[in-house]
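Inside the fold
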Number of protein chains: 2
Amino acid sequence: METSVMEENKNITIIDVARRAGVSKGTVDRVLHNRGEVSAKSAEKVRQAIRDLDYEPNLYASLLATRKNHVIACLLPRSVKGEYWDKLRNGFVQGGEAVSNLGAEVKIFEYDQYDPESFAAVCSQVLASEPAGVVLPPLFKNDTLLFTEKLHKAGVPYVYVDSRLEDEHYLAYFGMPTYRSGYLCAYLLTERCQDVPKVAVIRITRDKTRRSDPTIDRRAGFSDYMQEMFPDSEIINVFINPNEPDEIAQVLDVFFAEHPDVRFVVMFNSRIHLVAPYLQAHPVEGRRVIGFDDLDLNMEALSSGAVTVLIAQHTEAQSSKAVATLVDYVVLHKEPGKRDNYMHMDILTSLNQENY
Amino acid sequence: METSVMEENKNITIIDVARRAGVSKGTVDRVLHNRGEVSAKSAEKVRQAIRDLDYEPNLYASLLATRKNHVIACLLPRSVKGEYWDKLRNGFVQGGEAVSNLGAEVKIFEYDQYDPESFAAVCSQVLASEPAGVVLPPLFKNDTLLFTEKLHKAGVPYVYVDSRLEDEHYLAYFGMPTYRSGYLCAYLLTERCQDVPKVAVIRITRDKTRRSDPTIDRRAGFSDYMQEMFPDSEIINVFINPNEPDEIAQVLDVFFAEHPDVRFVVMFNSRIHLVAPYLQAHPVEGRRVIGFDDLDLNMEALSSGAVTVLIAQHTEAQSSKAVATLVDYVVLHKEPGKRDNYMHMDILTSLNQENY
DNA sequence: CTGGAAATCGTGCCCGTTCACGGAAAAGTA
DNA sequence: TACTTTTCCGTGAACGGGCACGATTTCCAG
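Residues numbered from 1 in each chain as written. Chains lettered and ligands numbered in written order. Predicted model: local features only at pLDDT ≥ 70, side-chain atom pairs only at ≥ 80, totals over all residues. Heavy atoms only, no water.

1. Details of the overall build of chain A
As a reminder of what qualifies: Helix numbering and strand numbering both begin at the N terminus, where a helix is a DSSP run of H or I of at least 4 residues and a strand a DSSP run of E of at least 2. A radius of gyration in this sense is built from C-alpha atoms; the matching globule rule multiplies 2.2 Å by the number of residues raised to 0.38. Here's how the labels work: a residue is buried when its accessible area is under 20% of the maximum for its type, exposed when over 50%, partly exposed in between, all with a 1.4 Å probe on protein chains only. Any two residues whose heavy atoms approach within 4.5 Å are treated as being in contact. Only the protein chains shown count as cover for residues, and the accessible areas themselves come from Shrake-Rupley with a 1.4 Å probe. When charges are counted, Lys and Arg contribute as positive and Asp and Glu as negative, whereas His and the chain ends are disregarded. Every charge is mapped onto a representative atom, which is NZ of Lys, CZ of Arg, CG of Asp or CD of Glu.
From N to C terminus, chain A includes 13 helices and 13 strands. Relative to the compact-globule value of 21 Å for 356 residues, chain A shows a C-alpha radius of gyration of 26 Å, a clear excess of over 25%. Taken along its principal axes, the extent of the C-alpha atoms in chain A is 85 × 60 × 35 Å. When burial is assessed residue by residue, chain A has 51% of its 356 residues classed as buried. Pairs at least 24 residues apart make up 69% of the contacts formed inside chain A by residues separated by at least 6 positions. A total accessible area of about 16,800 Å² is found for chain A, and carbon and sulfur atoms account for 49% of it. A gap of 8 Å separates the mean positions of the 39 positive and 51 negative side-chain charges of chain A.

Here it is, written out as C-alpha cells:
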C-alpha cells in the first residue's frame, strides 16, 4: 500500500567510521579522498570500517565544506542563432542551470568550425583553465584526439556529443544513430509508395575540410534502405552553392523542370529550411519532403506544410544530458549508466510538432 | 570566446544580512522562513538588507542543517507490471531518485482503480502522513476534488498527471493532449490513403465507473479528423469483453470475415498488445494498426510488425517531471515554468523504437 | 510605579566534511 | 645515543544556516 523509495537515513558519519577504525576523522578523510599520508595498515582499517558500517559521505556537508566550483568546459563551433550548434549550445546552458545547485558551472568555448587552428587554440585555453570536465563534439578528428589524449593524461573526464570518436577514454557519448536515421528517413519517405520512387537529394554544403561528417552515414543508411526496398529507384543529387543563396530557386527551377515527376525530396543536413520557401511557393500534390533537426526555421517549415516530416533528436536534450552526466560523475562520483547513449529519433509532423 | 553561465559566487551569508539590518542571524532566519516573532520594523529592515545585498541562502548549508526529508506522496492505481500505471509508477520512482540528493523522498500510495472507496481511504492516509507535496492522476473526479481541496487548505501543493481537473489550485499538470493525439492517430492511419478508408476501432474496456477517461477525447479527435478528411469513411466499433481474453480471436475472426476490406485498425487505450497476437497470426498486406502508449508489450508488438505505429508520450518522463517540479517548488521554492505541460506526442515505428 | 505576561530577539550548539597546522612516532644519520 | 628527517596522524577551526533556549524588551493591568 505504501512504499518508500530511498534508503533509510543513515546517521553514520565520518566520525563513526573513525571510531571504529581507531583513527581520527582526519585520517578517514584522507583515505576517502586518497590523498596519501596514511600508512597502509590504517588505510585498510579505515576501508574495512567504511565497508562494515556501509558509510556514505553526506553530500551537503561535503559540498558545503568544499566551496569549490567545478567548471565544465563545453566546446563547440560558433554559430548563428537558431542553427544546430546554437541549439546544442542552449542545451549546455540549460544543463548548467540544472546542476548549478550542485556547485557546478558551465563555461562555453567557441571556435570557427572551418578553422582547425581556432579549435586548437581553444583547446589550449581549455586546458589552461583546468576544468573539472569537458564536453565536445569531435569535429576535427585528429585535433580532437590530440586534445582528449591530453585531457586523459591530466585526469580530466570528457564526454562526446553529436558524434563520437573511437578512442578509449571518453566517459560517455550522446548523439543520434546517424546511419539509422538515414534508414528511417527512407522508410518515412517511401512508405506506401506504389510505384518506383524518384528522390531528389539536395546538397548544400561548404567544401569539406577534414571534419567528421554525420551526413555521410545518414546518406549510407538512406541508400541501403532504398537498395533493399526499391532497387530500381532513382536518387538524384542536386548540388547548391551555399554561398549563393539566391541560386537556390534557380537551381531548383531547372531541376524540377527537367524532372517533373520527382515527388520525394530530402536533405541530410539540418538546412532543409533553406529550400522550404521555394517548395512552399511551388506546391505539388503528393510531394513528400523530409529534413533533419529541430531548428526553429525547420519547425516553421514543417508547420507551413513545406516540409512533411522532420527527423529530430531533441538537440538540447542531448547536450544538457551530457553536462548532467559529467557533473554527476565529477561531483557525485556517479558512473554514467551507459557509455554510448543513442538518442531517440523523433518523427515530427505538423500535427505533433507542438510541445516539442 | 568564453562565456560564464552562472552568477558569480556570492559570499553573502546570513550574518552579513544580519549585520546590515542591525539584528542577529536568528532574527534574519525568522523572517526568512516567516515564522513570526519579529517586529514589523526589524522585519522590514531585514527584508531591505536582503534586497540590498541580493542575498540568497546557501542550499547546502540549509539542507545540512535541517536534515528533514520532504516526502512527496504519489497516488496511483495498483497495476500489473508493464501496464500503463506501472510505467507511471516507475517514473515516480525515477523522479524520486533524481531528487534524492535534494533531501526529498517519494512515497507511493496505491489503490484499486475500480473502487472509489479505496481511493478515498488512501487519500486520508496521505493526508495523515503530512506530505510536502502530492502527485496524482485525477481518476475519480469528485473524490479527487474533495481531496485536493483538503490539500489546498493544508497548504500542500499538488500536481496532476495523466489528465487534469479544472480546479484552481493545482500547481502544475503533466500529460498528453488527448484530443490531438486522436487527431494525429487518424492522420497517421489514413495518410496517403487512396480510397475511402474503413476503420475498425477495437474497444476492450471494463464497464465504466464514474472515472475520467482520456480515451473519450481521443476518440473525438479521431472522429473529427475523419469527418474533415473522409466524410464518407466508415468507422466500425468492435467490442470485446475484457474478462474473456480467449474471446478476442473469435470476435476478430467473425469481424474480419464480415469485413474483409477493413485495412485500418486502432485502439484508443493502451491495450493494443492484446490484439497483436491475432493480427500477427493473420497478416494482411497493407494493413495499418495504430495503438497508444509505450508499454513493453506494445513495443514488442511494434517490433514484431503486428502494430504499425504507436503514439506515445514517454510515460515515465511525465511522472518523473511531475515529481521534479514539485520538489523544485517545495525545497528550492522554484515556481514551475509552465502550469499546464502537454507532453510531446512521439510517433514510434519499428525503425525508431529503439533507444526510446 | 510595579509585577508579570507577552512579544521580540540574541546566543550558541549542531549538522558532517574539509583542510591547514602542528605534534608524535618512526626511520635515517652520524 | 642524540639529532634530523620523514612519515603519519590528531586537532580544531571553518563552511552557512536551523533552531532551541533563554534573555531582554515591551506592554498592560493593578
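2. Concerning helix H10 (residues 247–258) of chain B
All names here are of chain B. Selection rule: Here, expected helix span is obtained from the residue count minus one, scaled by 1.5 Å. Taken from the helix axis, the directions to the C-beta atoms give the arc we talk about.
In a regular helix each residue adds 1.5 Å, so 12 residues correspond to 16 Å; H10 covers 17 Å between its end C-alpha atoms and thus fits that length. Every buried residue belonging to H10 is among Ile248, Val251, Leu252, Phe255 and Phe256, and all of these are buried. Projected onto a plane normal to the axis of H10, the buried residues spread over an arc of 120° and lie on a single side. H10 presents Gln250, Ala257 and Glu258 as exposed residues on the side facing more than 90 degrees away from its buried surface. Elements that come into contact with the buried residues of H10 comprise strand E7 (198–204), strand E8 (234–240), strand E9 (264–266) and helix H11 (272–281).

3. A short note on helix H12 (residues 296–304) of chain B
Residue and element names in this part refer to chain B. Buried within H12 we find Asn298, Met299, Ala301 and Leu302. In a view along the axis of H12, the buried residues occupy a sector of 160°, so they form one face of it. In this structure, the buried side of H12 is in contact with H11, strand E10 (288–292), strand E11 (309–312) and strand E13 (346–348). Among the residues trailing H12, glycine 305 stands out with phi positive, at a value near 95°.

4. Some details on the protein's contact with DNA strand D
To be explicit about the condition: To be near a molecule or strand, a residue needs just one of its heavy atoms within 4 Å of it. N or O atoms closer than or at 3.5 Å make up a polar contact, with two conditions inside protein: a donor-capable atom paired with an acceptor-capable one, and, for residues adjacent in sequence, both atoms drawn from side chains. Gly falls in the polar group here, along with every residue not listed as nonpolar (Ala, Val, Leu, Ile, Met, Phe, Trp, Tyr, Cys, Pro) or charged (Asp, Glu, Lys, Arg).
Taken together, 28 residues are adjacent to DNA strand D, and Ser42 of chain A together with Ile14, Lys25, Asp29 and Tyr55 of chain B come closest. Sugar and phosphate atoms constitute 64% of the interface atoms of DNA strand D, taking the interface as everything within 4 Å of the protein. A distance of 2.6 Å is found between a phosphate oxygen of DNA strand D and a side-chain nitrogen or oxygen belonging to serine 42 of chain A. Broken down by secondary-structure element, the contributors of at least two residues to the surface near DNA strand D are helix H2 (25–32) and helix H4 (59–65) of chain A together with helix H2 (25–32) and helix H4 (59–65) of chain B. Looking at the surface near DNA strand D residue by residue, the classes come out as 10 nonpolar, 11 polar and seven charged.

5. Considering the domain arrangement of chain A
Residue and element names in this part refer to chain A. Our working definition: Those domain boundaries reflect an automatic or database domain assignment. The rule for a salt bridge is simple: a side-chain nitrogen of Lys or Arg has to be within 4 Å of a carboxyl oxygen of Asp or Glu.
What the domain assignment reports for chain A is domain 1 (5–65), domain 2 (69–175 + 315–343) and domain 3 (178–312). Put simply, the middle of domain 2 and the middle of domain 3, counted by C-alpha atoms, are 30 Å apart. With 16 residues of domain 2 in contact, the opposing surface of domain 3 contributes 12 residues. Along the contact surface separating domain 2 from domain 3 lie three salt bridges. A salt bridge links aspartate 296 to lysine 87, with the shortest nitrogen-to-oxygen separation between them at 3.8 Å. Joining domain 2 to domain 3, the criterion identifies three residue pairs in polar contact (both at pLDDT 80 or more). Of all the secondary-structure elements, those providing two or more residues to the side of domain 2 that touches domain 3 are helix H5 (84–98), helix H7 (141–153) and helix H13 (315–332). No other element matches H7, which puts three residues into the side of domain 2 that touches domain 3. Residues that form the side of domain 2 that touches domain 3 fall into these classes: six nonpolar, five polar and five charged.

6. Looking at the packing of aromatic side chains
All names here are of chain B. This is how it is decided: Pairing of aromatic rings covers Phe, Tyr and Trp, the last through its six-membered ring, and needs centres within 6.5 Å; plane angles under 30 degrees mean stacked, over 60 mean edge-to-face, and all others mean tilted.
Taken as a whole, this structure holds 29 aromatic pairs over all chains when the rule is applied. An angle of 80° between the planes, with centres 6.5 Å apart, marks the rings of phenylalanine 119 and phenylalanine 147 as edge-to-face. Here phenylalanine 119 is found in helix H6 (residues 116–128), whereas its partner phenylalanine 147 is found in helix H7 (residues 141–153), with 28 residues between them in sequence. What makes phenylalanine 119 buried here is its relative accessible area of 0%. The buried category is assigned to phenylalanine 147, whose relative accessible area is 2%. Taking 5.6 Å as the distance between ring centres and 65° as the angle between the ring planes, the aromatic pair formed by tyrosine 158 and tyrosine 160 counts as edge-to-face.

7. Observations regarding the pairing of E7 of chain B
All names here are of chain B. To keep it simple, the criterion reads: Only when DSSP finds a minimum of two bridges between them are two strands counted as paired.
Along E7, five of the seven residues are buried, which leaves the element largely enclosed by surrounding structure. As paired elements, E7 and E8 share seven bridges and run parallel to each other. Residue pairing across strands places isoleucine 202 opposite valine 238, the latter belonging to E8. Bridging between E7 and E9 involves three bridges; their strand directions are parallel. The residue bridging valine 201 from the neighbouring strand is valine 266, located in E9.

8. Looking at the sheet that holds E8 of chain B
All names here are of chain B. Where we set the bar: Between the N-to-C directions of two axes lies an angle of 0 to 180 degrees, each axis being a line fitted to C-alpha atoms and, for a helix, fitted only over the stretch in contact.
Taken together, the six strands give an open sheet; going across it, the order is E8-E7-E9-E10-E11-E13, and neighbouring strands pair in mixed fashion. Each edge of the open sheet is held by one strand with a lone partner, namely E8 and E13. On average, each strand axis in the sheet is inclined to that of its neighbour by 20°, with strand direction left out of account. Against the sheet, helix H9 (residues 214–229) makes contact with E7, E8, E9 and E10, and its axis sits at roughly 170° relative to E7, the strand it touches most.

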